[in-house]
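Understanding the architecture of this molecule
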Amino acid sequence: IKWNDYDNSVSALKNHFGESACRGIGARFPCSSAAFSCEADSIGNVSCSDDSTSEDCAVYSDGTVECN
């Protein structure tokens, strides 16, 4: 999964989660499992959440990473 590389990020998400766990919604491509979820968007941002904790991290198209 790479920032600013939508097509490869979508492919990586499909490979990791399995195609049935992913769905395209307009400019967004979210995938999820029971405890983990990620989303790529067409402007290059990628965000992932560990749903078993309260921490989220996002990698933005300008290369910055933000976790909270």
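Let me begin by describing the structure that accompanies this report. Computed from a predicted structure; not experimentally measured.

1. Here's the deal with the overall build of the chain
Within the chain, the regular secondary structure consists of one helix and five strands. Over its C-alpha atoms the chain spans a radius of gyration of 11 Å, differing by no more than 12% from the 11 Å that the globule rule assigns to 68 residues. In terms of overall dimensions, the chain has a C-alpha envelope of 30 × 25 × 20 Å along the principal axes. When each of the 68 residues of the chain is scored for burial, the buried share is 25%. Of all intrachain contacts in the chain linking residues separated by at least 6 positions in sequence, the fraction that spans at least 24 positions is 19%. Of the roughly 4,300 Å² of accessible surface on the chain, 47% is carried by carbon and sulfur atoms.

2. Re the pattern of salt bridges
Think of it this way: side chains of opposite charge can pair up when their charged atoms draw near. Taken as a whole and assessed by the stated rule, the structure comprises two salt bridges. Ionic pairing is found between Lys 14 and Glu 19, a salt bridge with its closest N-O pair at 3.8 Å. Assessed through its relative accessible area of 30%, Lys 14 is described here as partly exposed. Its salt-bridge partner being Glu 39, residue Arg 28 comes within 2.9 Å of it at the nearest N-O pair. In this pair, Arg 28 is assigned in strand E1 (residues 28-32) and Glu 39 in strand E2 (residues 36-41), connecting sequence segments eleven residues apart. Residue Arg 28 is classed as partly exposed on the basis of its relative accessible area of 36%.

The rules behind the values
- Residues numbered from 1 in each chain as written.
- Predicted model: local features only at pLDDT ≥ 70, side-chain atom pairs only at ≥ 80, totals over all residues.
- Heavy atoms only, no water.
- Helix = DSSP H or I, 4+ residues; strand = E, 2+ residues; numbered from the N terminus.
- Rg over C-alpha atoms; globule rule 2.2 N^0.38 Å.
- Buried < 20%, exposed > 50% of the residue type's maximum accessible area, 1.4 Å probe, protein only.
- Contact = heavy atoms within 4.5 Å.
- Areas by Shrake-Rupley, 256 points an atom, 1.4 Å probe, with all protein chains shown as cover.
- Salt bridge = Lys/Arg side-chain N within 4 Å of Asp/Glu carboxyl O.

Any functional reading would require information that these geometric values do not contain.
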